[in-house]
Amino acid sequence: MNRKALHWILGAGTPVLLLALWWIASEQSTSAFFPPLRVILERFQALWLFEHFQSDVLLSLRNLLLGYGVASVAGIALGFVIALVPVARQILEPLIHFLRGIPPVALVPIFISLIGFGIEMRVASIALASLFPTMIATVDGIRSVDPGLKDVARVYRFTTTEKTFRVYLPAAGPQIFSGLQVGLQVAFIVMIASEMLGSSQGIGAMTILAQQSFMTADMWAGILLLGVIGFAANLIFDLIRRRVLAWYIGSRKLARAA
Amino acid sequence: MKTSLPPTRSNSAAPAAPSRKNAMTEEQTPAPAVVAGTAPARLDVSHLAKSYGTGDKAKTIIEDLTFTVAVGEVVCIVGPSGVGKTTLLKCLAGLHPATSGRASIDGRVINGPPPEMALVFQDYNRSLMPWLTVRKNLVLPLRHLHLSAQELKERCDSALAAVGLEHAESQYPWQLSGGMQQRVAIARALAYRPEILIMDEPFASVDAQTRFDLEDLCLKIRRDFNMTILVVTHDIDEAVYLADRVVVLGSKPARVLRIVDIELPTVRDQISTRALPEFARQRTEVLSLIKRPA
Amino acid sequence: MKFRPKPLITSVAGILAAIVLWQLIAVGPAADSPLPPASAVAESLGTVLGTSLFWSDLAATVGIALLGLGTAALAGVVLGILVGSFEPFRYATLAVLEFLKPIPPIVILPLIVLVLGPTGQMSWVLVFFGCVLPIIMQTVDGVHDTDPVARDTARSYGLKEPEILARVVLPSAMPFIGTAMRVAAPAALVITVVAGLLGGGPGLGRSIYQAQAAGDYPTLYALVAVLGVLGLLFQGATRLVEGKLLHWHESFREAAHA
C-alpha cells in the first residue's frame, strides 16, 4: 500500500516537477529560442482561446474530423469489398501496396498541384492518407474471421446484411480499430503538414508562420496546442475503443490470466 | 443440471415446430409414437460421396453412404477418428455440395442449408460470437424469422432453462467453462426450434459429469420436442446410450459397415441403462465392427 | 498480406489498367489541368534517374533515416533497460512517456528548424525524436516481461547485475525491440521526407518541395513514385532483418502479441 502510494506520487509528481523546473529555469531566459514558459502560456491563452479560436483552431479540427471520418467509412467499406471480392483484391492489392509505401505527407504536394491550397486540398489529403491503414487492417481482419463463425452464419441462414454487420464487422473489429488508430495518427500528421505547406490558416500554418517571423513564444504556443490535441485525440479514441471492444479486451485478459 | 421445460413444450404429440411455417414438410403432425424403422424417413442419405480435388489429385473422403433417419429418431454415427464424419455433416447441413449421390429431407435434395435444420458444431469456442452475451447469441439466428418480442423472449427463456443456463444469460461465452459454452451452443439450436438437429462431436471436450448431463439433455429434447436428431461421435458407449440406431462407419474412404438397431428401453438412465447386459452386448458389437481390420 | 502467384496476371493487368486510365484522363478530359500524363512522368523519371543530384538526394535520405534510426535504437534500448529495470524510474516516467507517445515529431519540427536551421542535423534530430520513444516504451515492456525465475536463477549463480541485464534481460526483451524496430524503420524514412519537405533538410523531401514550388509536376510525380518504391523496400528490408535475427523467437513473439 505504501509502495503503491509512492508509485502514484512518482507518476503524478514527475510531470508537475518537470513543468515547474521549466517555469523556473526559463523565467529569466533571454534566449531567442526558449522564451519563459509564463510568456508562452500567456500567448497560448491570447492566441488560441481568443484571437484565433474560430478562424484557426476550429478550422483545423473540422478538417481533421471531416477527412478522418470520410477515410474511416470509406476505408472499412473498401476493405470489405477487397476482402470479399477476389477479383477486386487481385486488381487493387498491388496498387494499394505501392500507394501505401509512399510517405503520406508526400501526397500533400500532389494535392496542392491538383487542387491548390484551399480547404478541399487539406481535407482530401487527410482523407486519402488515412484511408490506407484502415482499409488494409479491415482486409486483414475480415480475412481472418474464424471459418467456424462463417459456418454458423450459413447454417442459420443469415441474410447478407446480417453476415456483414453482425458477423464480419464485429469479428474484424479488433483489427479495424488498430487500423483506425494508425489512421488517426496519419490524419493528424497530414493535417499539420497540409497547413504548414503554404496555407495561411490553421494551427499548423500559424505555428510555422510564427517560427518564420521569429515570434518564438507564439511558435511554442502552437507546438503546445498541437501536442495537447495529439494527446487528446488519441485519448478519446482509446476510450471509444475500450467501450466498443470491451468484449475483446475482457476475453484477452482472461486468456492471458489462464 | 436443471431440466424444467415449460409445460406447453413437453407434449410429444404436438407438432414439432408449431410456430414455424414450413412449405416443404408434408406431414404437419409427425407420428407421436416413434419406433425405429417404422416412422416415415425424414432424412434420406443415398449413395452420398464426397471427394476433394480433381483428376489424379482427387482425394475421396466419403465413398458411398446410404442410411435414413426417421422422424423423432436419434441416430448416432460412429467411426474411427479422421474418417470424414465432419465432412459428412457439412454435406448434410448444405455447407458442402456432395460429389455424387444425394442427401434429402422429405424427398427434397439438400443443396444449401435447409431451414428446418440446426447444427451444433464441434468447436463450441469457435461457433459462439464472442462479442455477444449468451442471450444475444441465442437471439441472433432468430432475427430474420421476424418473431414477436413475446415469442422471442419465450423461446430464449425456455431454451436457456432446458440447458440450465438461465443465470448466465448476460455473461459472455468466454466467461463460461467449456461445458457451459457447449450448452449455450445447444440452447441456440433449441431456440431456433429446428425439426432436425445435427450435432458434431458435441460432448467431446467436456468433463465426464457434464457429458452425462448433456447426453440426458439430448434425449429429453427428443422426447419433449419430438426432434429428429443425428449425432456424430467417436465414443461408442455414448452412441449406444443415445441412439435408436447406430450407423457404424469404416475408413478410408468412409463407407457404412453396418447399421445397428439398439434394443434398449426408450426411457434411459445413465446408471441403470449402462448396467444392462443388452447395453454391454451392443457396445461390444459396435466396438468389434470398428476394431475389426478392414 | 501475401501475393499468390496464380492471380499474378490479374494483378499486373490491374496496374497496367491504372496506368492506362491515368494516361487517358491526363491526355483527355484533364488535359488543361496540372495532372501530368503517365508518359511525361515516366520520361521525367528517366531524366531524374540520370542526374547525380537525384542519387545524392537518395543517399542523403537513406543515410539520415538509417543514422536517426540507429542512434534512436541505441539510446532507446539503453534507456528502456534502465527505466524498465528500476521500478521508481518506471513510475516516474510513465505519465510523461504516455503523454508524449501519441504526439508525432512533426509537432516539434518548427522548433528544431528554428534552432538548427534547414540542415541534415535537423533532419537527424527529428528522426531520432520520432523513433526513440516507441523503442524506449517497447523495451520497457520487454524488460518487464522477463521471466523472474530466470532472473533469480542468474542471481543465484552469482552473476552481477550488469551481466544479468546483458545476458538475461536483453535477450528476452529482443522480440519487443524487434517489433518496435519494425514500426520505427518505415517511420524513420517518413520523418526524413517530412523534414526535407517542411523543414528544408537535404534529401528527396526537399526536391519534392522544390518541384512543387517550381510547378515541375512530372518531376514531382516521379519523385513521389520513387518514394513509394523506397518505402516498400524499407518495409521489406525490415521484415527480412527481423526474420533473420528473431526466427528463434517466432513462437514467443506470437504469444507476446496475440
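The structure presented is a predicted model; accordingly, all values stated were derived computationally and were not measured.

Basis of the calculations
Within any chain, residue numbers begin from 1 and follow the written order of that chain's sequence. Each chain is given a letter, starting from A, and each ligand a number, starting from 1, according to the order in which they appear as written. Whole-chain, interface and lining totals are the exception, using all residues; otherwise, since this is a predicted model, local features are given only for residues with pLDDT of at least 70 and side-chain atom pairs are given and counted only at 80 or more. Side-chain numbers here rest on the full set of heavy atoms in the structure, without hydrogens or water. By convention, a stacked pair of Phe, Tyr or Trp rings (six-membered ring in the case of Trp) has centres within 6.5 Å and planes under 30 degrees apart, an edge-to-face pair has planes over 60 apart, and any other such pair is tilted. Elements are defined by DSSP. Helices are runs of H or I of four residues or more, strands are runs of E of two residues or more, and each kind is numbered from the N terminus. Note on classification: 1.4 Å probe, protein chains only; a residue is buried when its accessible area is under 20% of the maximum for its type, exposed when over 50%, partly exposed between these limits. Only when DSSP finds a minimum of two bridges between them are two strands counted as paired. The span one expects for a helix is its residue count, reduced by one, times 1.5 Å. Working definition: the arc comes from the directions between the helix axis and the C-beta atoms, pointing outward to the latter. The contact rule is simple, with two residues in contact once any of their heavy atoms fall within 4.5 Å. Think of pLDDT as the predictor's per-residue confidence, scored from 0 to 100. Axis definition: a line fitted to C-alpha atoms, over the contacting stretch in the case of helices. Angles run 0 to 180 degrees between N-to-C directions. Throughout, the accessible surface (probe 1.4 Å) given up by two parts as they are put together, summed over both, is called the buried area. Put simply, a salt bridge is a Lys or Arg side-chain nitrogen that is within 4 Å of an Asp or Glu carboxyl oxygen. Two N or O atoms count as a polar contact when they lie within 3.5 Å, although within protein this holds only if one can serve as hydrogen donor and the other as acceptor, and sequence-adjacent residues are included solely when both atoms are side-chain atoms. Here is the rule for angles: anything less than 35 degrees is roughly parallel, anything more than 145 is roughly antiparallel, 65 through 115 is roughly perpendicular, and the remaining ranges are oblique. Rotating anticlockwise by less than a right angle from the far helix to the near helix defines a left-handed crossing, while the corresponding clockwise rotation defines a right-handed one. Here the nonpolar group is Ala, Val, Leu, Ile, Met, Phe, Trp, Tyr, Cys and Pro; Asp, Glu, Lys and Arg are the charged ones; every other residue, Gly included, is treated as polar.

K.L.:
Honestly, the packing of aromatic side chains in this entry has me stumped. Any pointers?
P.N.:
Any two aromatic rings considered together are summarised by their centre-to-centre distance and by the angle between their planes. All names here are of chain A. Tallied over the entire structure, the rule returns 14 aromatic pairs over all chains. With centroids separated by 5.5 Å and ring planes inclined at 55°, the aromatic side chains of Trp-22 and Trp-220 adopt a geometry described as tilted. Linking Trp-22 in helix H1 (residues 2-27) with Trp-220 in helix H10 (residues 216-244), this pair joins segments that are 198 residues apart in sequence. Its relative accessible area of 28% is what places Trp-22 among the partly exposed residues. On the accessibility criterion, Trp-220 (11% relative accessible area) is buried.

K.L.:
I would appreciate a short explanation of the pairing of strand S9 (residues 245-250) of chain B in the present structure.
P.N.:
Looking along a regular strand, one sees side chains alternate from face to face of the sheet. All names here are of chain B. Extensive coverage of S9 is indicated by the burial of six of its six residues. Across four bridges, the pairing between strand S3 (residues 74-78) and S9 is parallel. Bridge assignment links Ile-77 to a residue of S9, and that residue is Val-247. Note: S9 against strand S10 (residues 254-261), six bridges, orientation antiparallel. The residue bridging Val-248 from the neighbouring strand is Arg-258, located in S10. Following S9, the chain reverses through three residues before pairing antiparallel with S10.

K.L.:
Looking at this structure, I do not really get helix H8 (residues 277-291) of chain B. What am I missing?
P.N.:
Given 3.6 residues to a turn, an α-helix orients residues that are three or four positions apart in the same direction. Residue and element names in this part refer to chain B. Taking 1.5 Å per residue as the helical rise, H8 with its 15 residues ought to reach 21 Å, and the 21 Å between its terminal C-alpha atoms agrees with that figure. Turning to H8, its buried residues are Phe-279, Gln-282, Val-286 and Leu-289. Along H8, the residues classed as buried sweep out an arc of 100° about the axis, all on the same side. Those residues of H8 that are exposed and aimed more than 90 degrees away from the buried face are Pro-277 and Lys-291. On its buried face, H8 is in contact with S3, helix H6 (236-242), S9, S10 and helix H7 (272-275).

K.L.:
Can you walk me through the confidence of the model for chain C in this structure?
P.N.:
Parts of the model with low pLDDT should not have their predicted coordinates read in detail. Residues and elements named next belong to chain C. For chain C, the average pLDDT comes to 83, and 92% of its residues sit at 70 or higher. Across residues 1-5 the pLDDT falls below 50, and counting only partners more than four positions away or on other chains, this stretch makes eleven contacts in the model. For the stretch residues 250-258, pLDDT sits under 50, and the model shows 13 contacts to residues farther than four places along the chain or on other chains.

K.L.:
I would appreciate a short explanation of the sheet that holds strand S1 (residues 41-52) of chain B in the present structure.
P.N.:
Residues and elements named next belong to chain B. Strand order in the open sheet formed by ten strands is S5-S4-S1-S2-S10-S9-S3-S8-S7-S6, and the pairing between neighbours is mixed. Each end of this open sheet is capped by a strand with a single partner; those strands are strand S5 (108-109) and strand S6 (117-120). Taken together, the four bridges between S6 and strand S7 (residues 196-200) define a ladder with parallel strand orientation. The residue bridging Val-120 from the neighbouring strand is Met-199, located in S7. Of the strands in this sheet, S6 and S7 are in contact with helix H4 (residues 178-191), which crosses S6 at around 175°.

K.L.:
What is the right way to read the interface of chain A and chain C from this model?
P.N.:
Note: interface size is frequently given as the accessible area lost on complex formation between the parts. Every contact between the two is made by 52 residues of chain A and, on the other side, 52 residues of chain C. Between chain A and chain C, a total of about 4,700 Å² is buried, with carbon and sulfur atoms accounting for 79% of that surface. Summed over the shared surface of chain A and chain C, the result is zero salt bridges. Connecting chain A to chain C are one residue pair in polar contact (both at pLDDT 80 or more).

K.L.:
Even after reading the chapter, I still don't get the packing of helix H5 (residues 107-115) of chain A against helix H6 (residues 119-143) of chain A, so can you show me in this structure?
P.N.:
How two helices sit against one another is set out by the angle between their axes and by the gap between those axes. All names here are of chain A. Interhelical geometry of H5 versus H6 gives an angle of 140° and a closest axis separation of 9 Å. Judged by the inter-axis angle, H5 sits oblique to H6. At the point where H5 passes H6, the crossing takes the right-handed sense. Taking contact as the criterion, the partners of Leu-107, Val-108, Phe-111, Ile-112 and Ile-115 in H5 are, on H6, Glu-120, Met-121, Ala-124, Ser-125, Leu-128 and Ala-129. Classifying every residue of the contact of H5 with H6 gives nine nonpolar, one polar and one charged.

K.L.:
Whenever I open this one, the environment of A:Val81 confuses me. Can you help?
P.N.:
Mapped onto the elements of the fold, A:Val81 is located in helix H3 (residues 53-84). For A:Val81 and A:Thr138, which are 57 residues apart along the polypeptide, the C-alpha to C-alpha distance reads 9.9 Å.

K.L.:
What am I meant to see in the interface of chain A and chain B here?
P.N.:
At the interface, 21 residues of chain A touch 27 residues of chain B. Summed over both partners, the interface of chain A with chain B comes to about 2,300 Å²; 65% of that surface belongs to carbon and sulfur atoms. Here chain A and chain B share three salt bridges between them. The salt bridge partner of A:Asp151 is B:Lys90, with a shortest N-O separation of 3.0 Å. Looking at the side of chain A that touches chain B, the elements that each hand over two or more residues are helix H7 (147-155), helix H8 (160-196) and helix H11 (246-257) of chain A. Here the residues of the side of chain A that touches chain B sort into eleven nonpolar, four polar and six charged.

K.L.:
Is there a simple way to explain the side chain of B:Arg193 in this structure?
P.N.:
Among the secondary structure elements, B:Arg193 is positioned in the loop between H4 and S7. There is a polar contact of 3.2 Å between the side chain of B:Arg193 and the side chain of B:Ser158.

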